[in-house]
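Fold and contact review
What follows is each chain in one-letter form.
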Amino acid sequence: MEKTITITNETGIHTRPGNKFVTLAKSFESKILVKNEETKKEVKGTSLLKLLSLGIKKNTKITLTTTGNDEAKAMNELSELLLNLKD
Amino acid sequence: MKNLLKGIPASPGISIGKVFLYQENKININKTNITKNEIENEILLLKSGKQKTIEQLVQLRESIFKKLGVEKAEIFDGHITLVDDEDLLDETIEKIEDDLIRAEYALELSINEYCEMLANLEDTYLRERATDLKDISKRWISNIKGLEFYDLSSLPKGSIVIAEDLTPSDTAQLNLDNVFGFVTEVGGKTAHSAIMARSLELPAIVGLKGILNSTKSGDNMILDGLSGEVIINPSETQINEFTQKMENFIKEKEDLKKLKTKKAITTDNVKFNLWANIGSPKDVESAIENGAEGIGLYRTEFLFMNSDKQPTEDDQFLAYKTVAEKMEGKPVTIRTMDIGGDKELSYMELPNEMNPFLGWRAIRISLDKVDIFKTQLKAILRASVFGQIKIMFPMVISVDEIREAKTILEECKKELKDINIDFDENIKVGIMVETPAVAFRANIFAKEVDFFSIGTNDLTQYCLAVDRGNERISNLYNSFNPSVLTAIKMAIDGAHQEGISISMCGEFAADERASKLLVGMGLDSFSMSASSVPRIKNNILGYNKKECQENMEKLLKLSTVKEVMNNL
């Protein structure tokens, strides 16, 4: 599954929100990929280092891809988390 | 040598103490190659080092959690996840195997790659995270090598720590009984060390280039976290001067702190609300810091003025939502666009008028440009589920305007409902009382809305027919004019007659000379710039409402500004 999301929280994906994302991403069987639509760079959603290196800021468009048995559930929960990021 | 140096003030406060130069023992990385037989052992060292690092970080997180609470502790959750990163481990193991190098060197190389990636990003915040990585790598490599990781928890009392940089784990180890402040060569205001220092209320300066070479351990030092200055080996006069400054700072801080959580209640137990006026979400922090219990006026025109195009519904929604969330359910009064008069927009042509303050402005524009108005109202409605939001219309002169605005608001509600967007169905609607037209018949207007807020700047100008920008008649512009006071009293009485609440969000609410009078009139809430809140609160705490009322009744019988001013 694939979905494009615009990040809206003030500071983008930094350590704290990134950590939340990675922790959740690891709880699924499916393979999770995150792509920065500006730079077209794509990384595994289960590595915080890789995720930080995407340089995702406020208003960055990203594409989330989930592949596997629980891909719908993973997509649902991960995009929910991204849309509700604070600070 | 110059003994006064200036850096970036990172955390306010003044310290006088002795320099402790914090220069870590450089870790020597063994770059020699290994044989194939040693690969397994190096991988083992890497993994056990990782395990130990995680254990140490978990411990640090616990101690930070106790000292500073959950939010700061979460920083270490991030660090733990970084150490635990599967790619980092795999890539390091690959290097050990392919290049036949030791775990410590392989790890250093992997970490450096990521540091470089982060350093190339535009975002300052993410760039500074490279520091987190270096911090982790130092700890991990020390653990691989079986070295003691340097400890900042047991410095001599009165130390001012001087370092190249302080990592979050360094800062976490600082013992506040012994450490009076710190200065770093690098870093900015958003570095973790700076953020931590502010939460710990530890005076600190960052980004002071050259400090390491200008001082040595044991030097006396004055650290002024307010100005960002340090004085190395100060004179006795300087020490006396700064001791005084330090005492004043501490006293002021304590006084304000005592007030922060206190409610504004008079000696005869009547409570008043103290709110803050803000112009953007950034101002909320200071409002909370100063103990404001709500936002009495959110001036949305800055959203419109600080942009070269009209802000979209989403832009506005985000700003309103941020404020509502930060205020955690406390009231947030959003005033719809108050453009015109002296405020102009680059993307909307406002006609040149003979009398702009009597012209096409505020609600008058909103009711003409319904699409702009609706965009704003929808943004406010959408944000209303994230806190306690109220809507306020500016520059009202007639009941017709209120009804028309409310009809448009209902249309917006319906349109949102049609697309299943949630909002607060019972959102409160109020108006500014800033024209004599409303003040005279306040009780009639009060039937139409849920609350009033008096804008004294315009009310004074319109009551007295005095242009507040005209210097030749500036002596006539005075809110203590008995006619203005009568208008204020009429507005308050009219509101209370219909059982609605009334606040004041003009300059007059922050005028210390006026607070007694306003308490006497029974104004429910005072809204002002955040920094004025503690002063006004302090005033109210000393009043007896009954006495204020008697005093106010006498004052309103006086005939001239001068008589009023002499009897406040």
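Presented here is an overview of the structure given in this document. Here the residue index of a chain counts from 1 through its sequence in written order. Note on labels: chains are lettered from A, ligands numbered from 1, in written order. Residue-level local features of this predicted model are given only where pLDDT is at least 70; pairs of side-chain atoms are given and counted only at 80 or more, and the full residue set underlies all totals for whole chains, interfaces and linings. Working from all heavy atoms in the structure, the side-chain values ignore hydrogens and water.

1. What about the overall build of chain A?
Applied cut-off: Numbering of helices and strands runs from the N terminus; a helix is a DSSP stretch of H or I covering at least four residues, while a strand is a stretch of E covering at least two. Remark: exposure states derive from per-residue accessible area (1.4 Å probe, protein chains only) relative to the maximum for the residue type, with buried under 20%, exposed over 50%, and partly exposed in between. Throughout, a contact is declared for two residues whenever any of their heavy atoms are within 4.5 Å. Values of accessible area rely on a 1.4 Å probe in the Shrake-Rupley scheme; residue burial ignores everything except the protein chains shown.
Of the regular secondary structure elements, chain A holds three helices and four strands. Put simply, chain A has 87 residues, and 54% of those count as buried. Look at the contacts in chain A between residues 6 or more apart in sequence, and 71% of them connect residues 24 or more apart. Here chain A displays about 3900 Å² of accessible surface, and carbon together with sulfur accounts for 49% of that area.

2. A look at the overall build of chain B
In terms of regular secondary structure, chain B is built from 24 helices and 17 strands. Split into buried and exposed, the 568 residues of chain B put 53% on the buried side. Within the structure as shown, chain B displays about 26200 Å² of accessible surface, and the carbon and sulfur contribution to it stands at 48%.

3. Digging into the pattern of salt bridges
As a reminder of what qualifies: Between Lys or Arg on one side and Asp or Glu on the other, a salt bridge is scored when a side-chain nitrogen of the former is within 4 Å of a carboxyl oxygen of the latter.
For the coordinates displayed, the defined rule picks out 36 salt bridges over all chains. In this structure, the salt-bridge partner of B:E293 is B:K271, at a minimum N-O distance of 3.3 Å. Of this pair, B:E293 sits in the loop between α11 (284-289) and β11 (295-299) while B:K271 sits in strand β10 (residues 271-278), and the two are 22 residues apart along the sequence. Salt-bridge contacts for B:R382 lead to B:E313; the nearest nitrogen and oxygen are separated by 2.8 Å. Highlighted residues: B:R382 in helix α15 (residues 370-383) and B:E313 in helix α13 (residues 313-326), separated in sequence by 69 residues. Among the residues examined, B:E313 registers a relative accessible area of 23% and is labelled partly exposed. One salt-bridge network, held together by shared partners, links A:K44, A:K50, B:E86, B:D87 and B:E91.

4. Examining the packing of aromatic side chains
All names here are of chain B. Put simply, the rule is: Ring pairs shown here join Phe, Tyr and Trp side chains whose ring centres sit within 6.5 Å, with only the six-membered ring taken for Trp; geometry is labelled stacked below 30 degrees between planes, edge-to-face above 60, and tilted in between. Throughout this description, the term charge over a ring refers to an Arg CZ or Lys NZ atom that lies within 6 Å of the ring centre and within 35 degrees of the ring normal.
Per the stated rule, a full pass over the model turns up five aromatic pairs over all chains. Judged by centre distance (5.7 Å) and plane angle (85°), the rings of Y298 and Y320 are edge-to-face. Here the residue Y298 occupies a position in strand β11, and Y320 occupies one in helix α13, the gap between them amounting to 22 residues. The pair Y298 / Y320 is uniform in exposure class, with both members buried. The aromatic ring of F451 is capped on one face by K390, whose charged end is 5.0 Å from the ring centroid.

5. Section: the nonpolar core
Across soluble globular proteins, nonpolar side chains have a tendency to be buried as a group. This is how the line gets drawn: Think of a nonpolar core as a cluster: buried Ala, Val, Leu, Ile, Met, Phe, Trp, Tyr and Cys residues, connected wherever their side-chain atoms sit within 4.5 Å.
Core analysis: the biggest nonpolar cluster contains 88 residues, and B:F393, B:F452, B:I454, B:I488 and B:F526 have the highest contact counts within it. Not counting the four nearest positions on each side in its chain, B:F452 is found in contact with B:I431, B:V433, B:A442, B:F445, B:A446, B:A491, B:A495, B:I500, B:S501, B:I502 and B:S503.

6. A look at the sheet that holds strand β8 (residues 229-232) of chain B
Whether parallel or antiparallel, the strands of a sheet pair through hydrogen bonds between backbone atoms. Residues and elements named next belong to chain B. Quick reminder of the rule: Pairing between strands is defined by DSSP: at least two bridges between the two strands are required. Axis definition: a line fit to C-alpha positions, over the contact stretch in the case of helices; interaxial angles, taken between N-to-C directions, run 0 to 180 degrees.
Spatially, eight strands are ordered β1-β8-β7-β3-β4-β5-β6-β2 in an open sheet, and the strand pairing comes out mixed. The open sheet has two free edges, formed respectively by β1 (4-6) and β2 (8-11), since each of these has just one partner strand. When the angles between neighbouring strand axes are averaged without regard to direction, this sheet yields 30°. Pairing analysis gives three bridges linking β2 to strand β6 (residues 204-206), with the strands arranged antiparallel. Bridge pairing in β6 links S11 to A204. Sitting on the sheet, helix α8 (residues 192-200) touches β2, β5 (179-184) and β6, and the angle it makes with β2 is about 50°. Across the sheet, helix α10 (residues 236-260) touches β3 (14-22), β7 (220-224) and β8, and the angle it forms with β3 is around 115°.

7. Let's talk about the interface of chain A and chain B
Stated formally: For any pair of parts, buried area is found by adding up, for both, the accessible area (1.4 Å probe) each one loses once the two are put together. Definition of a polar contact: a pair of N or O atoms within 3.5 Å, with one able to donate and the other able to accept a hydrogen when the atoms are protein atoms, and with sequence-neighbouring residues admitted only if both atoms are side-chain atoms. Basically, the charged four are Asp, Glu, Lys and Arg, the nonpolar ten are Ala, Val, Leu, Ile, Met, Phe, Trp, Tyr, Cys and Pro, and anything else, Gly included, counts as polar.
Contact with chain A, which involves 24 residues of that partner, is made by 25 residues of chain B. When the buried area of chain A at its contact with chain B is split by residue, A:T15, A:R16 and A:L49 rank highest and sum to 28% of it. Summed over the shared surface of chain A and chain B, the result is four salt bridges. Applying the counting criterion to the chain A and chain B interface returns nine residue pairs in polar contact (both at pLDDT 80 or more). No other element matches helix α1 (residues 15-26) of chain A, which puts five residues into the side of chain A that touches chain B. Residues belonging to the side of chain A that touches chain B are distributed by class as follows: seven nonpolar, nine polar and eight charged.

8. Focus on a negative patch on the surface
Residue and element names in this part refer to chain B. Put simply, the rule is: Note on patches: the residues involved have over 30% relative accessible area and no salt bridge, like charges join within 9 Å, and the nonpolar side chains Val, Leu, Ile, Met, Phe, Trp and Tyr join within 5 Å. Only four residue types enter the charge count: Lys and Arg as positive, Asp and Glu as negative, with His and the chain ends excluded. Every charge is mapped onto a representative atom, which is NZ of Lys, CZ of Arg, CG of Asp or CD of Glu.
Together, D90, E94, E97, D98 and D99 line one region of the surface with negative charge. Checked against the element boundaries, D90 lands in helix α3 (residues 86-99). Looking at D90, the relative accessible area reads 42%, which means it is partly exposed.

9. What to know about helix α22 (residues 533-541) of chain B
Considered for burial, the residues of α22(B) that qualify are B:V533, B:P534, B:I536, B:K537, B:N539 and B:I540. Along its buried surface, α22(B) packs onto α10, β9 (264-265), β10, α21 (515-521) and β17 (525-529) of chain B.

10. Structural notes on the pairing of strand β15 (residues 451-454) of chain B
All names here are of chain B. Side chains F451 and S453 of β15 all project onto a buried face; the interleaved residues F452 and I454 project onto the opposite face, where all are buried too. As judged from the four bridges shared by strand β14 (residues 428-433) and β15, these two strands associate in the parallel manner. Residue M432 lies in a different strand from β15, and its bridge partner there is S453. Pairing of β15 with strand β16 (residues 501-504), which is carried by four bridges, proceeds in the parallel orientation. Residue F451 lies in a different strand from β16, and its bridge partner there is S501.

11. Let's talk about the environment of B:D458
Residue and element names in this part refer to chain B. By secondary structure assignment, the location of D458 is in helix α19 (residues 456-464). Between the C-alpha atoms of D458 and V433, which are 25 residues apart in sequence, the distance is 9.0 Å. Once you skip the residues sitting within four places of it in the chain, D458 turns out to touch F357, R361, E434 and R468. A polar contact of 3.3 Å, which involves the side chain of D458, links it to the side chain of R361.

The values reported here are purely geometric and, on their own, carry no functional implication.
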